[in-house]
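The residues making up each chain are set out below.
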Amino acid sequence: MIELIAAILVFILTHIIPAYGKLRQGLIDRLGKRLYLVLYSILSWSVIIWLGFAFIAAPYIELWGQPVWSRWVPFLGMPIVCILFVGGFLAANPLSLAIGNSEFDPEQPGIIGLSRHPVMMAVALWALLHLIPNGDVASVLMFGLLMALSFYGPYALDKRKRQNLGEAEWQRLAASKGKLSGSNGWVPGLFGGAAFYLLLLWGHEWAFGISP
């Protein structure tokens, strides 16, 4: 359990770097943006892998039991997570985490109309779905941490994007919330999300030792 707590603390520290603009900008000024992104990506993935191994190795200390119905919660809820994660990540979205290259139209936001941050919404939902049937200390620590970060992340991103885009432009783009018209993110979300879900079903036992 000590290793898991240490991994969690390091994980939090690595997420402080991009959250504080002065620290992030200072590192970019010293290293250059490309080298900073490469080094930060390596650091982030290394810590995530360490966190996963520390979680698997942590002792099982039960807080609440696992009724049979609770095992269906992640099984039935994960398709929604996969759609939000893949669709949100591949959508055009200048307001959050996304790699879509097409121009974002706030009048046709597609999946972004559900939330400015569908990827983080997916992470929060994933953590909640896995927390319900896993009532042990290690699960509460890890899934609780990821849920908390996924709620804090949108606040930090909104703050940074307001500064980068300017208040007027941010308000114009953010007005897309609540509008579900357009296909932005929905096609890759539905098809890519379905493929991702099937991949998780196939590989979950191999990766984590537990069959969905």
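Procedures and definitions
- Residues numbered from 1 in each chain as written.
- Predicted model: local features only at pLDDT ≥ 70, side-chain atom pairs only at ≥ 80, totals over all residues.
- Heavy atoms only, no water.
- Helix = DSSP H or I, 4+ residues; strand = E, 2+ residues; numbered from the N terminus.
- Buried < 20%, exposed > 50% of the residue type's maximum accessible area, 1.4 Å probe, protein only.
- Lys, Arg positive; Asp, Glu negative; His and termini not counted.
- Charge placed at Lys NZ, Arg CZ, Asp CG, Glu CD.
- Contact = heavy atoms within 4.5 Å.
- Axes fitted to C-alpha atoms, helices over the stretch in contact; angles between N-to-C directions.
- Parallel < 35°, antiparallel > 145°, perpendicular 65-115°, else oblique.
- Left-handed = near helix turned anticlockwise from the far one by under 90°.
- Nonpolar A, V, L, I, M, F, W, Y, C, P; charged D, E, K, R; others polar.
- Patch = residues over 30% accessible without salt bridge, like charges linked within 9 Å, V, L, I, M, F, W, Y side chains within 5 Å.
- Areas by Shrake-Rupley, 256 points an atom, 1.4 Å probe, with all protein chains shown as cover.
- Salt bridge = Lys/Arg side-chain N within 4 Å of Asp/Glu carboxyl O.
- Phe/Tyr/Trp six-rings, centres within 6.5 Å; stacked < 30°, edge-to-face > 60°.
- Lys NZ or Arg CZ within 6 Å of the ring centre and 35° of its normal.
- Expected span 1.5 Å × (residues − 1).
- Bend = angle between axes of the 7 residues up to and from the residue.

Novice: Sorry if this is basic, but what is going on with the overall build of the protein chain here?
Specialist: For the protein chain, the helix and strand inventory stands at eight helices and zero strands. Order of helices (α) and strands (β) in the protein chain, N terminus to C terminus: α-α-α-α-α-α-α-α. If one aligns the C-alpha atoms of the protein chain with their principal axes, the spans along those axes are about 50 × 45 × 25 Å. Looking at the 212 residues of the protein chain, the share that counts as buried comes to 37%. With 14 positive and 11 negative side-chain charges, the protein chain shows a separation of 9 Å between the mean positions of the two kinds.

Novice: What exactly am I supposed to notice about the side chain of Ser176 here?
Specialist: Inspection of the secondary structure puts Ser176 in the loop between α7 (167-174) and α8 (186-208). The class of Ser176 is buried, set by a relative accessible area of 0%. What Ser176 contacts, discounting residues up to four positions off in sequence, is Phe104, Pro106, Pro109, Ile112 and Gly113.

Novice: Help me understand the packing of helix α4 (residues 72-90) against α8 in this model?
Specialist: Pairs of packed helices are described in terms of their axes, by the angle between the two and the distance that separates them. For the pair α4 and α8, interaxial distance at closest approach is 7 Å and the crossing angle is 130°. By the angle between their directions, the pair α4 and α8 is classed as oblique. Here α4 and α8 pass one another in a crossing that is right-handed. Seen from α4, the contacting residues are Phe75, Met78, Pro79, Cys82, Ile83, Phe85, Val86, Gly87 and Leu90; seen from α8, they are Trp186, Pro188, Gly189, Leu190, Gly192, Gly193, Phe196, Tyr197, Leu200 and Leu201. For the contact of α4 with α8, the per-class residue count stands at 15 nonpolar, four polar and no charged.

Novice: Would you explain a nonpolar patch on the surface in this entry?
Specialist: A cluster of nonpolar side chains, contributed by Ile5, Leu9, Ile12, Leu13, Ile16, Leu23 and Leu141, occupies part of the molecular surface with about 550 Å² of accessible area. When residues in the nonpolar patch are grouped by element, the largest group, five residues, is from helix α1 (residues 2-19).

Novice: What's the story with the packing of aromatic side chains in this structure? I'm lost.
Specialist: What describes a pair of aromatic rings is the distance from one ring centre to the other and the angle between the planes of the rings. Enumeration according to the criterion identifies eight aromatic pairs in this entry. Arranged with centres 5.8 Å apart and planes meeting at 70°, the rings of Phe55 and Phe143 form a pair that is edge-to-face. Taken together, the residues span a long stretch of sequence, with Phe55 in helix α3 (residues 33-57) and Phe143 in helix α6 (residues 137-165) at a distance of 88 residues. With a relative accessible area of 5%, Phe143 lands in the buried category. Taken together, a centroid distance of 5.3 Å and an interplanar angle of 75° make the contact between Trp126 and Phe143 edge-to-face. Residue Trp126 is located in helix α5 (residues 118-131), and its partner Phe143 is located in helix α6; the two are separated by 17 residues in the primary sequence. One aromatic cluster is present, built from ring pairs that chain together Phe55, Trp126 and Phe143. Of note, Arg162 hangs over the ring of Trp170, and the distance from its end group to the ring centre comes to 3.7 Å.

Novice: Looking at this structure, I do not really get the environment of His204. What am I missing?
Specialist: For His204, the position within the fold is in helix α8. Counting along the chain gives 119 residues from His204 to Phe85, while the straight-line C-alpha distance between them is 17 Å. When residues no more than four places from it in sequence are discounted, the contact partners of His204 are His130, Gly209, Ile210 and Pro212.

Novice: Please explain α4 as it appears in this structure.
Specialist: The end-to-end C-alpha distance of α4, which contains 19 residues, comes to 28 Å, matching closely the 27 Å that a straight helix rising 1.5 Å per residue would cover. Where α4 bends most, the angle comes to about 35°, and this point is Met78, followed within four residues by the proline Pro79. Of the residues making up α4, those classed as buried are Pro74, Gly77, Met78, Val81, Cys82, Leu84, Val86, Gly87 and Gly88. Looking at the buried side of α4, the elements it contacts are α5 and α8.

Novice: Help me understand the pattern of salt bridges, please; the structure alone is not making it clear to me.
Specialist: Two side chains of opposite charge can pair, provided their charged atoms sit close to one another. In the structure shown here, the tally under the stated rule is four salt bridges. Lys179 is paired through a salt bridge with Glu107; the nearest N and O atoms lie 3.1 Å apart. Here Glu107 lies in the loop between α4 and α5 and Lys179 lies in the loop between α7 and α8, a separation of 72 residues in the sequence. Take Lys179: its relative accessible area is 29%, and that puts it in the partly exposed class. We classify Glu107 as partly exposed; its relative accessible area is 47%. Glu169 is the partner of Arg172 in a salt bridge, and the nearest nitrogen-oxygen pair spans 2.9 Å. Of this pair, Arg172 and Glu169 are both found in helix α7, three residues apart, which corresponds to roughly one turn of the helix. A residue is classified by how much of its surface remains accessible, and Arg172, at 45% relative accessible area, is partly exposed. The partly exposed category is assigned to Glu169, whose relative accessible area is 30%.

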